[in-house]
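Analysis of the macromolecular model
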There are 2 protein chains.
Amino acid sequence: MKITCQKADLNKGVNIVSKAVPTRTTKAILECILIDASSGEIKLTANDLELGIETIINGTIIERGIIALDANFLSKIVSKLPDTEITIETNSSFETFISYEKAGNKQRIIGKPGDDFPYIPVIQRNQAITLSQLTLKEIVRQTIFSVADNDTNKLMTGELLEIKDNKLKVVALDGHRVSIRNVELKNPTSDVKVIVPKKTLNEIIKIIDGGIDDEVRIYVTDSHIIFEFDKTTVVSRIIEGEFFKIEQMLSDNYETKIRINKKQLFEVIDRTTPYVHEGDKKPIIINVSDNIMSLSISSYNEYMTEDIDIDKEGKDIMIGFNPKFVMDALKVIDDEEINLYMLNSKTPCFIKDDNGSFIYIVLPVNFNNPGAN
Amino acid sequence: MKITCQKADLNKGVNIVSKAVPTRTTKAILECILIDASSGEIKLTANDLELGIETIINGTIIERGIIALDANFLSKIVSKLPDTEITIETNSSFETFISYEKAGNKQRIIGKPGDDFPYIPVIQRNQAITLSQLTLKEIVRQTIFSVADNDTNKLMTGELLEIKDNKLKVVALDGHRVSIRNVELKNPTSDVKVIVPKKTLNEIIKIIDGGIDDEVRIYVTDSHIIFEFDKTTVVSRIIEGEFFKIEQMLSDNYETKIRINKKQLFEVIDRTTPYVHEGDKKPIIINVSDNIMSLSISSYNEYMTEDIDIDKEGKDIMIGFNPKFVMDALKVIDDEEINLYMLNSKTPCFIKDDNGSFIYIVLPVNFNNPGAN
């Protein structure tokens with residue numbers, strides 16, 4: 001194989017597919033990036049068998065061929081290459097020569113044949129779901145923090161992507177909170193329901209760098225989800241099983257509605273975080289009385305309390321929360337003013353906007369002795 | 001005690017003195033920052049008994065007093081306070097109330113009496129050494145990387161500051177390399193020779209944020225060095241003992257002088273770093289022949305080699321180096337073109353400029369089988 005390409009293109013391609021290289025594996029070939037220039041294109045591929053990524057880079061094929069190179073080493077080498085044209089040439093012993101600039105400038109690394117490299121599966125494409133790259137990034141960023149950290153329940157380790165009547169709903173939950181984003185699709189799309197692993201979504205939003213005018217095409221099968229954008233294809237296994245029925249949680253019933261400045265609420269809760277000690281996780285206590293929300297937290301002998309002016313409809317309420325869960329939701333909301341809906345101190349608080357584009361549900365925490373300080 | 005001050009001033013003061021709070025200590029009082037408003041100023045102090053820092057912050061003293069507050073907790077709280085006027089008030093039980101903005105906004109933390117807090121020692125000031133803050137930062141940054149990481153030899157854990165005939169020389173060495181910076185002092189200053197701990201210098205350059213027109217005054221005693229700047233005083237113990245005689249290393253004898261582009265040399269050596277594997281530390285081999293410097297490194301089956309055009313006076317040479325040591329020096333040199341001086345493959349390489357403002361000495365590494373690749 002002999003190819004030439006620009007360092008920047010090679011580096012970008014290596015970075016993209018590296019996201020699918022497993023950090024630990026017993027199969028050495030999976031630690032490689034496959035450079036396949038056997039047809040008319042230069043295609044880079046990595047595949048950890050759960051997640052596979054391939055991308056086509058610009059360049060010239062002088063002699064067709066295939067080589068598998070250690071991903072970690074290749075990635076380090078390529079990132080440091082000078083910003084110029086790079087030649088990659090292999091011989092029949094899989095010696096790979098990377099050369100540039102001068103006759104004397106050369107790196108030799110030892111590759112592997114690509115024979116046993118697992119190409120990403122060829123999957124029959126059905127109808128595409130089309131989103132802008134920006135929208136996909138946003139809806140993932142605005143929900144993914146709610147996916148469970150541990151994998152005691154497999155279904156909680158991914159996000160639900162559901163399309164019904166041309167509306168896309170994205171749901172992530174971990175037993176303490178639920179995050180939901182709703183988006184109207186522009187193109188008519190058949191109904192879909194699929195659970196996508198957190199890792200896949202995390203890597204996707206790192207790779208896509210396009211904006212509102214750049215598209216992602218998504219295809220779903222019984223076992224896989226495929227994301228196609230620019231010259232990159234990401235194929236991921238899906239999580240099998242029936243996702244949690246969240247409709248029954250989405251009650252419109254409330255006794256207290258609060259309108260509050262988001263930045264102000266965030267900053268006050270952020271100030272409580274030094275009071276959250278490992279092993280003594282005290283909730284933040286929210287006490288709504290007339291048009292004042294008092295927030296307080298106590299830990300050992302220390303406490304803090306602050307008041308925020310609010311608009312309130314309905315009853316006064318006192319309720320406790322894990323400050324992190326409320327902050328996580330506030331961080332990703334773009335609105336300046338937000339609405340909180342609460343029924344009582346034992347039922348979840350809803351943070352949602354009027355047109356239902358987002359719903360954040362946070363379960364309350366029991367608290368004792370609330371008035372002691 | 002009752003004081004008011006702006007959040008920004010308090011935060012800056014806390015950050016400055018925090019550098020002298022020990023990360024581990026058996027004396028709980030050392031984990032505190034002392035706020036001393038017992039005289040006409042608000043003075044913050046921290047002291048790990050090796051290094052002590054005090055700084056005066058702007059503010060108003062409403063009631064004189066002293067309180068010691070946990071440094072870590074205070075620092076977290078203060079950094080998150082709103083950007084406004086802050087009131088700190090203590091009572092006779094050392095309860096400390098931090099309040100701001102509204103009557104309802106209050107944090108309570110429990111302090112300690114300042115009675116057993118170790119104030120920084122009062123030291124008789126002799127003649128000051130005066131430097132610009134920028135110069136001090138630069139000469140420390142340009143040498144401190146050569147201070148030994150481990151403390152098997154106590155004398156190698158600090159930098160020599162030596163003044164002779166109104167010239168300041170700063171020296172750091174670790175047995176593999178020596179870094180020297182020479183500066184002409186503007187004001188007449190008596191001769192001084194002192195070894196300053198690396199930690200002290202590291203913290204100093206983090207704290208000083210002034211430029212070429214802002215001064216640092218340095219005082220040296222038999223046991224301490226004092227840095228005074230802005231409203232801050234840093235007092236550090238010095239390292240006792242006789243520093244290494246470096247004069248005998250500073251030979252002007254060379255057989256090969258090379259003039260080379262610094263950026264180009266740095267980038268080529270940087271490209272060799274992926275080839276440096278833990279447990280198989282191969283040197284970079286520099287082979288100078290006529291006006292070409294070939295740099296190569298090999299590791300297992302892999303190698304790289306590159307050529308750089310140079311200006312050379314004297315003999316050809318082949319010599320091996322630890323790439324990190326050469327890169328560390330190149331990183332802090334501001335010149336575009338640099339001169340390397342070498343005698344043979346067993347003696348150190350000198351990187352220095354014509355007016356002697358810096359000298360970097362790097363010991364060579366033995367290499368075997370240099371022409372194998």
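Residues numbered from 1 in each chain as written. Chains lettered and ligands numbered in written order. Predicted model: local features only at pLDDT ≥ 70, side-chain atom pairs only at ≥ 80, totals over all residues. Heavy atoms only, no water.

What to know about unusual backbone geometry
You will see that Asp290 of chain A, though not glycine, has its phi angle at about 55°, which is positive. Mapped onto the elements, Asp290 of chain A comes out in the loop between β19 (284-289) and β20 (292-299). The class of Asp290 of chain A is exposed, set by a relative accessible area of 52%. Although it is not a glycine, Leu49 of chain B adopts a positive phi angle of roughly 80°. Structurally, Leu49 of chain B is set in the loop between β3 (42-47) and β4 (51-57). In this structure Leu49 of chain B comes out as partly exposed when scored by relative accessible area, which is 41%. (Helix = DSSP H or I, 4+ residues; strand = E, 2+ residues; numbered from the N terminus. Buried < 20%, exposed > 50% of the residue type's maximum accessible area, 1.4 Å probe, protein only.)

What to know about the domain arrangement of chain A
How big an interface is tends to be stated in terms of accessible area lost as the parts join. Residue and element names in this part refer to chain A. Segmenting chain A into domains produces domain 1 (2-116), domain 2 (129-247) and domain 3 (251-362). Placing a centre on the C-alpha atoms of domain 1 and another on those of domain 2 gives a separation of 30 Å. Residue-level contacts link 13 residues of domain 1 with 13 residues of domain 2. Buried surface at the junction of domain 1 and domain 2, both sides included, amounts to about 1,100 Å², of which 51% is carbon and sulfur. When residues of domain 1 are sorted by the area they lose upon contact with domain 2, Lys19, Glu50 and Leu51 head the list and together hold 42% of the total. Counting across the interface, domain 1 meets domain 2 through zero salt bridges. On the surface where domain 1 and domain 2 come into contact, there are nine residue pairs in polar contact (both at pLDDT 80 or more). Broken down by secondary-structure element, the contributors of at least two residues to the side of domain 1 that touches domain 2 are α1 (7-18) and β4 (51-57). At six residues, β4 tops the list of elements feeding residues into the side of domain 1 that touches domain 2. Its residues assigned to classes, the side of domain 1 that touches domain 2 shows five nonpolar, three polar and five charged. (Domains from an automatic or database assignment. Contact = heavy atoms within 4.5 Å. Buried area = accessible area lost by both parts, 1.4 Å probe. Salt bridge = Lys/Arg side-chain N within 4 Å of Asp/Glu carboxyl O. Polar contact = N/O pair within 3.5 Å; in protein donor to acceptor, adjacent residues only side chain to side chain. Nonpolar A, V, L, I, M, F, W, Y, C, P; charged D, E, K, R; others polar.)

A short note on the relation of the copies chain A and chain B
In this arrangement, two copies of a chain are superimposed by a rotation about an axis accompanied by a shift along the axis. Between chain A and chain B, the superposition needs a rotation of 180° and an axial shift of 0.0 Å, giving an RMSD of 0.0 Å. The superposition operator between the copies reduces to a two-fold rotation axis. Most of the interface of chain A is mirrored in chain B, where 100% of its interface residues again form contacts. (Least-squares fit on C-alpha atoms with pLDDT ≥ 70 in both.)

Description of the nonpolar core
Generally speaking, a soluble globular protein has its nonpolar side chains buried in company with each other. Judged by nonpolar contacts, the single largest core of 95 residues is most densely connected at Phe227 of chain A together with Leu265, Met293, Leu340 and Ile351 of chain B. Per element, the largest residue contribution to this core is six residues, and it comes from helix α6 (residues 323-332) of chain B. Of all hydrophobic cores here, the second largest spans 94 residues; its members include Ile338 and Cys349 of chain A together with Leu69 and Leu161 of chain B. (Core = buried A, V, L, I, M, F, W, Y, C linked by side-chain atoms within 4.5 Å.)

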